[in-house]
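Residues per chain, in single letters:
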Amino acid sequence: MRHTTGPIAGPLPKAELHLHIEGTLEPELAFALAERNRIDLPYAGPEELRAAYAFSDLQSFLDLYYQLTAVLQTEQDFADLADAYLERAAAQGVRHAEIFFDPQAHTARGVDIGTVVRGLARSLDHSEERFGVSTGLILSFLRDLPAEDALKTLADAGPYLDRISAVGLDSAEVGHPPAKFAEVYAAARAAGLRLVAHAGEEGPPGYITEALDVLGVERIDHGIRCMEDPQLVARLVAEQIPLTVCPFSNVRLRCVDRLEEHPLPAMLEAGLLVTVNSDDPSYFGGYVEDNFRGLREALGLTDEQLRLLARNSFLASFVDDARRAELLAELDAHALVPAGRPEV
Ligand code: ADE
Ligand code: ZN
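Our subject in this report is the structure included herewith.

This part covers the site of ligand 1. Around ligand 1, a shell composed of His-20, Leu-58, Phe-61, Leu-62, Tyr-65, Asp-170, Ser-171, His-198, Glu-201, His-222, Asp-279 and Asp-280 is seen. In this structure, His-222 approaches ligand 1 through a side-chain N or O atom, which is 3.4 Å from a nitrogen atom. When the free accessible area of ligand 1 is taken as 260 Å², the share hidden by the protein chains comes to 100%. Residues of the shell around ligand 1, tallied by class, amount to four nonpolar, four polar and four charged.

Structure (structure tokens):
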């Protein structure tokens, strides 16, 4: 039996750096928003929808992910979506979140980018006081659409750039190499935005190199396929390029067969600056602390390794120096119950 008189160690304080807000849409909220907006979903209810979350690859997931964005229509819908994520994230130890959004998934349906950003901001503006979570927004371009569409999206985002900290690149990777977006990344850099890109999720290690050398990104999202190229690993280690790895996502999208076979321990062993994130938690079976717990249980990660992952998340984040120092101090002060010993 557990005694509760001693310190209870909650989840480690951490930053989440790879999280698509559209991927936090839980089936129950999808149905509530569908009802509010009088939209028919082709599922009988949340349980039937959840049962459809069985994917064979990235594209099979993206098809459902884009389909369900139909329920997001108004500023309040986006605010409610972000509120729901931030409340869950806070309960999982998240103290800072850098949140992707896909404007083209909404503008293609006739929902203005201003509706999206103002709606998200309605939630994010109060996130620190309500949930203790500081936030940033990352505008992500859909790489399977033409580069001209990305340029137009950046131009449309002009009035909202003070709300946006970085640009990213997501959606179907293979066949859409980073270099396709050289021009829009140069424009984003000139506008003062930070730069990240998904690379090496399903795509080859060469896409990681291209994202670094052609786009000039500071962080790689996923990046797990770097492990196929020892020279690339050596470079990522030497330059301490952060990789925002998403273990549950990699298993659900069949990039990795089983969590027990995930390359994360080898990545840590190699000296890579790895972080752990949830990607699209509603679809992939868990939020960020669930990923941490999964790594402990399936791969035997130690408390020390989990603490390093949390530390890396703060080092790799785009917070200012004062906030970074505050977050690192909070992590250092966090009591961890030694593994295998009951709390007393
Ligand atoms: N959009 C949402 N999640 C994604 C992922 N894991 N890879 C590429 N695009 C995405
Ligand atoms: Zn992603």
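With that settled, consider the coordination of the zinc ion (ligand 2). For the zinc ion (ligand 2), the full set of protein donor atoms is His-18 (NE2), His-20 (NE2), His-198 (NE2) and Asp-279 (OD), and the range of their distances to it is 2.0 to 2.3 Å. If you look at the zinc ion (ligand 2), its four donor atoms make angles of 84 to 176° with each other, and the shape they trace is irregular.

At Arg-254, a residue that is not glycine, the phi angle is positive and equals roughly 60°. Looking at the secondary structure, you find Arg-254 in the loop between helix H12 (247–252) and helix H13 (264–270). The phi dihedral of Asp-279 falls on the positive side, at around 65°, and the residue is not glycine. Within the secondary structure layout, Asp-279 lies in the loop between strand S8 (273–276) and helix H14 (281–284). For Asp-279, a relative accessible area of 2% corresponds to the buried category.

To continue, consider the packing of helix H1 (residues 27–36) against helix H4 (residues 75–91). It is the contact of H1 with H4, at a shortest axis distance of 12 Å, that shows an interaxial angle of 165°. The angle between the axes of H1 and H4 places the two elements in the roughly antiparallel class. Relative to H4, H1 is oriented so that their crossing is right-handed. Contact with H1, carried on its side by Leu-29, Leu-33 and Arg-36, involves Gln-76, Asp-77, Asp-80, Leu-81 and Ala-84 of H4 and no other residues of that element. Its residues placed into classes, the contact of H1 with H4 shows four nonpolar, one polar and three charged.

Our focus in this paragraph is H4. Between its terminal C-alpha atoms H4 stretches 25 Å, which fits the 24 Å expected from 17 residues at 1.5 Å a residue. Looking only at H4, the buried set comprises Asp-77, Phe-78, Ala-79, Asp-80, Leu-81, Ala-82, Asp-83, Tyr-85, Leu-86 and Ala-89. Gly-93 sits one or two residues past H4 and shows a positive phi near 90°.

All right, on to the pattern of salt bridges then. Summed over all chains, the structure comprises 23 salt bridges. Between Glu-28 and Arg-50 there is a salt bridge, with its nearest N and O atoms 3.1 Å apart. Here Arg-50 lies in helix H2 (residues 46–51) and Glu-28 lies in helix H1, a separation of 22 residues in the sequence. Classification of Arg-50 by relative accessible area gives partly exposed; the value is 30%. With a closest N to O distance of 2.7 Å, Arg-194 and Glu-218 form a salt bridge. Note that Arg-194 is positioned in strand S5 (residues 194–199) and Glu-218 in the loop between helix H10 (205–215) and strand S6 (219–222), a separation of 24 residues in sequence. Assessed through its relative accessible area of 29%, Glu-218 is described here as partly exposed.

Our focus in this paragraph is the environment of Arg-50. Separated by 57 residues in sequence, Arg-50 and Thr-107 place their C-alpha atoms 26 Å apart. Every residue in contact with Arg-50, bar those within four places of it in the chain, is listed here: Glu-26, Pro-27 and Glu-28.

Now for the nonpolar core. The biggest cluster of nonpolar side chains holds 104 residues, and the ones touching the most others in it are Tyr-85, Tyr-185 and Leu-309. Not counting residues within four places of it along the chain, the set of residues in contact with Leu-309 comprises Leu-264, Leu-268, Val-274, Val-276, Phe-292, Leu-295 and Leu-301. Core analysis: the second largest hydrophobic core is formed by five residues, Phe-100, Ile-138, Val-196 and Phe-318 among them.

Turning to the packing of H10 against helix H11 (residues 230–238), a few remarks are in order. One way to put it is that H10 packs onto H11 with a least axis distance of 10 Å and a crossing angle of 35°. Handedness of the crossing formed by H10 with H11: left-handed. Along the contact surface, H10 presents Pro-205, Ile-208, Thr-209, Leu-212 and Asp-213, while H11 presents Leu-232, Arg-235 and Leu-236. For the contact of H10 with H11, the per-class residue count stands at five nonpolar, one polar and two charged.

Attention now moves to helix H17 (residues 321–333). In a regular helix each residue adds 1.5 Å, so 13 residues correspond to 18 Å; H17 covers 18 Å between its end C-alpha atoms and thus fits that length. Along H17, the positions that sit buried rather than exposed are Arg-323, Arg-324, Leu-327, Leu-328 and Leu-331. Looking down the long axis of H17, one finds its buried residues gathered within 130° of arc, a one-sided arrangement. Opposite the buried face of H17, at more than 90 degrees from it, the exposed residues are Asp-321, Ala-322, Asp-332 and Ala-333. Buried residues along H17 sit against strand S2 (94–101), helix H7 (127–131), strand S3 (134–142) and helix H16 (303–315).

Across the sheet, which stays open at both edges, the eight strands sit in the order S1-S2-S3-S4-S5-S6-S7-S8 with parallel pairing between neighbours. Single-partner strands in this sheet number two, and they are strand S1 (14–20) and S8. Averaged over all pairs of adjacent strands, the angle between their axes in this sheet comes to 25°, without regard to strand direction. Pairing of strand S7 (residues 242–245) with S8, which is carried by four bridges, proceeds in the parallel orientation. The partner of Val-245 across the bridge, within S8, is Val-276. The strands touched by H10 within the sheet are strand S4 (166–170), S5 and S6, with S5 carrying the most contacts at an inclination of about 160°.

Thresholds applied
- Residues numbered from 1 in each chain as written.
- Chains lettered and ligands numbered in written order.
- Predicted model: local features only at pLDDT ≥ 70, side-chain atom pairs only at ≥ 80, totals over all residues.
- Heavy atoms only, no water.
- Near = heavy atom within 4 Å.
- Polar contact = N/O pair within 3.5 Å; in protein donor to acceptor, adjacent residues only side chain to side chain.
- Areas by Shrake-Rupley, 256 points an atom, 1.4 Å probe, with all protein chains shown as cover.
- Nonpolar A, V, L, I, M, F, W, Y, C, P; charged D, E, K, R; others polar.
- Donors = N, O, S within 2.8 Å, 3.2 Å for Na, K, Ca; no water.
- Tetrahedral: all angles 85-135°; square planar, octahedral: opposite > 155°, others 65-115°.
- Helix = DSSP H or I, 4+ residues; strand = E, 2+ residues; numbered from the N terminus.
- Buried < 20%, exposed > 50% of the residue type's maximum accessible area, 1.4 Å probe, protein only.
- Axes fitted to C-alpha atoms, helices over the stretch in contact; angles between N-to-C directions.
- Parallel < 35°, antiparallel > 145°, perpendicular 65-115°, else oblique.
- Left-handed = near helix turned anticlockwise from the far one by under 90°.
- Contact = heavy atoms within 4.5 Å.
- Expected span 1.5 Å × (residues − 1).
- Salt bridge = Lys/Arg side-chain N within 4 Å of Asp/Glu carboxyl O.
- Core = buried A, V, L, I, M, F, W, Y, C linked by side-chain atoms within 4.5 Å.
- Arc of directions from axis to C-beta.
- Pairing = 2+ DSSP bridges.

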